[in-house]
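What the coordinates show
These are the residues of each chain, in order.
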Amino acid sequence: MLAVVLVALSTAPALAKPAACPDGRFLLPEGTAILAPAAAGRQGIALAAKTITLDGSCGTAKARVKAAKRATRVAARWRSCGERTRVVLKGTLAAPDCGTLRGKVKARRTPALAFAATRSACGDGYADTAGGETCDLGAADDELSIALLLAVHDLVAGGATDVPLSPDGTLRFVRTTTPTGGTDAIVRGGATLVRWVHDGDATSMVADRGGDQTPELAIDATRARPVRPRSVCISTTTARPSAR
């Protein structure tokens, strides 16, 4: 009988290890901050590849990540965060939702501060521009705000070639490159609303707000070449006094 039990146990499938909650950025409520003065916007806690970063207060530190069936626990230590020393963060992500990071931050000679930070996601109504998000900046239809355009500019300058402009991702900024220039476009679904084509010193822009292949505006421009100043030679003569 004992042999049968041992054989059954040896052939039973091993239980799968619990999977850790996915990485992400977690935002504190507006007007609150950890180890930093409260500022406009929401402070973020970034969890990525077993590291943790606190926006505006603590740089990136290695994190201990322990996955369990009901929660994922994370912890990190910093020697210093600004003027604070011996900083420790411990938090828990309840599974399977993994949507809220709850925990405490403790520094030397500083009372422990409890926090609850919600996962940043496209469509949550807050534009987490510090995390590279643009889709919640309030683009209505194809009307783009200045804040949205500035955020897109920063992302494209950093190398992004496909940036969502709306919560559902149907409105996007797309960049392609060519040996002599490239194309920038704002698209909605399969329709191109605005297209800029750059080819050397020439640039053309076509706006088709309705996406019906009937452009409302078309502009062709050529980069002005600098005008070199011409050299001018000026000679002067001095009249000699007449002999008396």
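Below is a summary of the structure that appears in this document. (Residues numbered from 1 in each chain as written. Predicted model: local features only at pLDDT ≥ 70, side-chain atom pairs only at ≥ 80, totals over all residues. Heavy atoms only, no water.)

**Details of the overall build of the protein**
Note the following rule: Counting from the N terminus, the helices are DSSP H or I runs at least four residues long and the strands are E runs at least two residues long. Any residue under 20% of the maximum accessible area for its type is buried, any over 50% is exposed, and the rest in between are partly exposed; the area is computed with a 1.4 Å probe on protein chains only. For accessible areas, the Shrake-Rupley method is used with a probe of radius 1.4 Å. Any residue's cover is judged against the shown protein chains and nothing else.
Helix and strand counts for the protein come out as two helices and 14 strands. Counting only residues that meet the buried cut, the protein has 30% of its 244 residues in that class. When the accessible surface of the protein is summed, it comes to about 16,700 Å², and 57% of that surface belongs to carbon and sulfur atoms.

**Notes on the state of the cysteines**
Which entries qualify depends on this criterion: To count as a disulfide, a pair of cysteine sulfur atoms needs to be within 2.5 Å.
On inspection of all chains with the given rule, the structure shows two disulfides. Through a disulfide, Cys21 is tied to Cys98; the S-S separation comes to 2.0 Å. Between Cys21 and Cys98 the sulfur-sulfur dihedral comes to about -65°; the bridge is accordingly left-handed. One end of the pair, Cys21, is in the loop between helix 1 (2-11) and strand 1 (24-27); the other, Cys98, is in the loop between strand 6 (84-94) and strand 7 (100-107), and 77 residues separate them in sequence. Each member of the pair, Cys21 as well as Cys98, is classed as buried.

**Describing the pairing of strand 8 (residues 110-119)**
As a reminder, the rule being used: At least two DSSP bridges between two strands are needed for those strands to be called paired.
The pairing of strand 1 with strand 8 spans two bridges and is classified as antiparallel. Within strand 8, the residue paired with Phe26 across the bridge is Arg119. Note that strand 7 and strand 8 share seven bridges and pair antiparallel. Residue pairing across strands places Lys104 opposite Ala114, the latter belonging to strand 8. The turn joining strand 7 and strand 8, which pair antiparallel and follow one another in sequence, is formed by two residues; a positive phi near 60° is taken by Arg109.

**Quick look at the pattern of salt bridges**
Let me state the cut-off plainly: The salt bridge definition used is simple: a Lys or Arg side-chain nitrogen within 4 Å of an Asp or Glu carboxyl oxygen.
All told, the structure shown has four salt bridges when counted by the stated rule. Between Arg25 and Asp128 there is a salt bridge; the shortest N-O distance is 2.6 Å. Taken together, the positions of Arg25 in strand 1 and Asp128 in the loop between strand 8 and helix 2 (146-157) put the pair 103 residues apart, joining distant regions of the chain. Accessibility assignment for this pair places Arg25 and Asp128 in one class, buried.

**Thoughts on the sheet that holds strand 8**
Within a sheet, adjacent strands bond to each other through the backbone by hydrogen bonds, running parallel or antiparallel. Operational definition: Under this scheme, a helix contributes an axis fitted over its contacting stretch, all axes are lines through C-alpha atoms, and angles between N-to-C directions fall in the 0 to 180 degree range.
As summarised here, the arrangement of the eight strands in space is 1-2-3-4-5-6-7-8, forming a closed barrel in which the pairing is antiparallel. Here the average twist between neighbouring strands, direction ignored, is 30°. With 10 bridges connecting them, strand 5 (residues 71-81) and strand 6 associate as antiparallel partners. From the neighbouring strand, Arg73 faces strand 6, where its bridge partner is Thr92.

**Describing the nonpolar core**
The tendency in soluble globular proteins is for nonpolar side chains to be buried side by side. Our working rule: What is meant by a nonpolar core is a set of buried Ala, Val, Leu, Ile, Met, Phe, Trp, Tyr and Cys residues, joined one to another through side-chain atoms within 4.5 Å. For this analysis, residues touch if any pair of their heavy atoms sits within 4.5 Å.
In this structure, Ile45, Ile52, Leu54, Trp78 and Phe115 are the most contacted members of the largest nonpolar core, which totals 24 residues. Taken together, the elements giving at least two residues each to this core come down to strand 2 (44-48), strand 3 (51-54), strand 4 (58-67), strand 5, strand 6, strand 7 and strand 8. The leading source of residues in this core is strand 5, at four residues. Discounting residues that sit within four places of it in the chain, Trp78 has contacts with Ile52, Leu54, Cys58, Gly59, Thr60, Ala61, Arg86, Val87 and Leu89. Counting 11 residues, the second largest nonpolar core, distinct from the first, contains Val152, Val163, Phe173 and Met205.

**A short note on the sheet that holds strand 13 (residues 202-207)**
A sheet is described by the order of its strands in space; here six strands give the open sequence 9-10-11-12-13-14, paired in antiparallel fashion. With partners counted over all chains shown, the strands left at the sheet margins are strand 9 (162-164) and strand 14 (217-222), one partner each. For this sheet, the mean inter-axis angle between neighbouring strands, taken without regard to orientation, is 10°. Here eight bridges tie strand 11 (residues 181-188) to strand 12 (residues 191-199), and the two strands are oriented antiparallel to one another. Each residue of the ladder has a partner; that of Thr183, found in strand 12, is Val197.

Interpretation note: all reported values are geometric properties and have no functional meaning in isolation.
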